[in-house]
Amino acid sequence: MPSEALPEVEKSSPARVPLAVYVLGLAVFALGTSEFMLSGILQPLARDMGVSIPKAGMLISAFAIGMVVGAPLLAAATLKLPRRTTLIALLIVFMLGQIAGALAPTYGVLFVSRVVSALACAGFWAVGAAVAVSLVPVNARAKAMAIMVGGLSVANIAGVPAGSFLGQQAGWRSAFWAVAALAAIGLVGVIACVPRTAPATGDDAPNLRRELRIYRDKQVWLALLTIALNAGAVFALFSYLGPLLTDVAGLPESWVPTVLGLFGIGGLVGTVIGGRIADAHLFGTMYGGIAASTGVLALLALLAEYRWAAIALALMLGVTAFTTAPALNARMFNVANAAPTLAGATTTASFNIGNTVGPWLGGLVISAHWGYEAVAWTGAVLAAAGVAVTAVASRVQRRESGSRVVTSKSATPTAVRVSAD
């Protein structure tokens, strides 16, 4: 039964989040820095590799697509493996991918290294999210996911700008070496702090065919669509925020990193807010956050020519967009309660579908010569659609009796068990 159907659980005091969850957030910081840092080192990379900017930009798309494909595939492939072992293996592969990128002699090798890194990143997100929610009670799931998402927020605030600065000052390859070092630190943390786990046995043993049954549930698809629409709305605008600030708001290019940093700060603030309120008010957080993003994007489309309005609204978009993130993650784990690894994989894939489709739609409106303000309108439409889907999910939730597709005899995930050692 979903946690929102158990008010007596939600009213209890949330348990303290164990150190292992914070370690997973640290690892996500390294993963997120790698995912988004290319936007700041694209020009020196393109010059060094002798390729055009659009071709260099394909490295960003390759990572996003690798995340979409890799999350469900690796979740399925590692379903019966101990999760701690899986996390360690994936971090090692990710670290080796960063080293291969730093040493890449050709564009082709670099491209392959980005795909391999994305696959490992996707698998870590899926399995790591499942581990995080397994280490806390149901009424602290959103808080645990807020810590993991917080790693991504900090990556946008500190990791991405630092990688951009390092890449421009010491060469783009140095940024890859730095991320490899961060991954190594995360690896040590996982080895030291994440408890040893063993797959469940007997009737509770993971079974891919049974776990795939969660995709028969329309609530899973509604949750997937909501995540994708929210991410698409944000990244339709964020991907082109730089030119909007310079060409429409009239800000000098030197201001762009500052505004991007403000967006990241807003994201961290939103993640903290969402983590505090989402467990008790899941649908309320989703409604409020996505509706607020719709309003911010619409205001940005109308007021983009006023530089201080554009700066303030970029900060606010970070707050509203990331306030919903813990709730969206927790919602997926609630409706796919019986298959936590596939729930984490589906969440990761959903986010990156939005991360791919949003910028693509933004590019279409720019190519149509509708101006950068139209990108903000595109994001507002996607966010409004997210509000509508949330309303449908809420209505379906109220109509259902509370029965869910399950893969084990218990009502809570039992696929992870902490061993005595």
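Since the structure is predicted, the reported quantities are computational estimates derived from the model, not experimental observations. (Residues numbered from 1 in each chain as written. Predicted model: local features only at pLDDT ≥ 70, side-chain atom pairs only at ≥ 80, totals over all residues. Heavy atoms only, no water.)

Draft legend 1. Inspection of the overall build of the protein at higher detail. Check the secondary structure of the protein and you find 16 helices and 2 strands. Pairs at least 24 apart in sequence give 85% of the contacts found in the protein among residues at least 6 apart. Taken as a whole, the protein presents about 16800 Å² of accessible surface, with 68% of it coming from carbon and sulfur. (Helix = DSSP H or I, 4+ residues; strand = E, 2+ residues; numbered from the N terminus. Contact = heavy atoms within 4.5 Å. Areas by Shrake-Rupley, 256 points an atom, 1.4 Å probe, with all protein chains shown as cover.)

Draft legend 2. The nonpolar core, seen in detail. Phe-124 and Leu-237 are the most contacted members of the largest nonpolar core, which totals 124 residues. With residues up to four places along the chain from it excluded, the contact list for Leu-237 reads Leu-244, Leu-297, Leu-300, Leu-317, Val-375 and Ala-376. (Core = buried A, V, L, I, M, F, W, Y, C linked by side-chain atoms within 4.5 Å. Buried < 20%, exposed > 50% of the residue type's maximum accessible area, 1.4 Å probe, protein only.)

Draft legend 3. Seen up close, the confidence of the model for the protein. Confidence in the prediction for the protein averages 79 pLDDT; 85% of positions are at 70 or higher. Across the protein, the element-wise mean pLDDT spans from 34 in strand β2 (residues 416–418) up to 92 in helix α5 (residues 83–103). Below pLDDT 50 for its whole length, residues 1–13 participates in 21 contacts with residues either more than four positions away or in separate chains. A low-confidence stretch, residues 403–421 (pLDDT under 50), is modelled with 46 contacts involving residues beyond four sequence positions or located in other chains. (pLDDT = per-residue confidence, 0-100.)

Draft legend 4. Structural detail: the environment of Ser-239. Topologically, Ser-239 is positioned in the loop between α10 (218–238) and α11 (241–248). Measuring from C-alpha to C-alpha, the distance between Ser-239 and Asn-355 comes to 9.2 Å, with 116 residues separating the pair along the chain.

Draft legend 5. Up close: the environment of Val-357. Of note, Val-357 is situated in helix α15 (residues 340–367). Residues Val-357 and Gly-232, 125 residues apart in the sequence, show an inter-C-alpha distance of 6.1 Å.

Draft legend 6. How the structure looks around unusual backbone geometry. The phi angle at His-369 is positive, at roughly 65°, despite the residue not being glycine. Mapped onto the elements of the fold, His-369 is located in the loop between α15 and α16 (373–399). Taking the relative accessible area as the measure of exposure, His-369 reaches 73% and is therefore exposed.

Draft legend 7. The arrangement of the pattern of salt bridges in detail. Under the criterion given, the structure shown has 1 salt bridge. As a salt-bridge pair, Asp-48 and Arg-173 come within 3.5 Å of each other at their nearest N and O atoms. Of this pair, Asp-48 sits in helix α3 (residues 38–49) while Arg-173 sits in helix α8 (residues 172–193); the two residues are 125 residues apart in sequence, bridging distant segments of the chain. Taking relative accessible area as the criterion, Arg-173 reaches 25% and is therefore assigned partly exposed. (Salt bridge = Lys/Arg side-chain N within 4 Å of Asp/Glu carboxyl O.)

Draft legend 8. The packing of helix α6 (residues 107–134) against helix α7 (residues 141–170), seen in detail. The interhelical angle for the contact between α6 and α7, taken along N-to-C directions, is 140°, at an axis separation of 9 Å. Judged by the inter-axis angle, α6 sits oblique to α7. Crossing geometry of α6 relative to α7 is assigned as right-handed. Here Trp-125, Gly-128, Ala-129, Ala-132 and Val-133 of α6 come into contact with α7, specifically with Arg-141, Ala-144, Met-145, Met-148 and Val-149. The class makeup of the residues in the contact of α6 with α7 is 8 nonpolar, 1 polar and 1 charged. (Axes fitted to C-alpha atoms, helices over the stretch in contact; angles between N-to-C directions. Parallel < 35°, antiparallel > 145°, perpendicular 65-115°, else oblique. Left-handed = near helix turned anticlockwise from the far one by under 90°. Nonpolar A, V, L, I, M, F, W, Y, C, P; charged D, E, K, R; others polar.)

Draft legend 9. Molecular detail of α11. When we look at burial in α11, the residues that qualify are Leu-241, Gly-242, Leu-244, Leu-245 and Val-248. Against the buried residues of α11 lie α10, α12 (256–277), α14 (307–335) and α16.

Draft legend 10. Representation of the side chain of Ser-34 within the structure. Looking at where Ser-34 falls in the secondary structure, it is placed in helix α2 (residues 19–36). With relative accessibility at 0%, the residue Ser-34 sits in the buried group.

Draft legend 11. Here's a closer look at the packing of aromatic side chains. In total, this model carries 6 aromatic pairs according to the counting rule given. Here Trp-172 and Phe-176 contribute two aromatic rings whose centre-to-centre distance is 5.6 Å and whose plane-to-plane angle is 80°, an arrangement assigned as edge-to-face. Of this pair, Trp-172 and Phe-176 both sit in helix α8, 4 residues apart, which is roughly one turn of the helix. The exposure class of Trp-172 is buried, given its relative accessible area of 4%. Taken together, a centroid distance of 6.3 Å and an interplanar angle of 75° make the contact between Phe-263 and Phe-322 edge-to-face. (Phe/Tyr/Trp six-rings, centres within 6.5 Å; stacked < 30°, edge-to-face > 60°.)

Draft legend 12. Broad picture of the packing of α7 against α14. Put simply, α7 and α14 touch, their axes get as near as 8 Å, and they point 135° apart. Judged on the interaxial angle alone, α14 and α7 are oblique. Considering how the two elements wind past one another, α7 and α14 form a crossing that is right-handed. In this structure, α7 contributes Arg-141, Ala-142, Met-145, Ala-146, Val-149, Ser-153 and Asn-156 to the contact, and α14 contributes Phe-322, Ala-325, Pro-326, Asn-329, Ala-330, Phe-333 and Asn-334. Looking at side-chain class alone, the contact of α7 with α14 contains 9 nonpolar, 4 polar and 1 charged residues.

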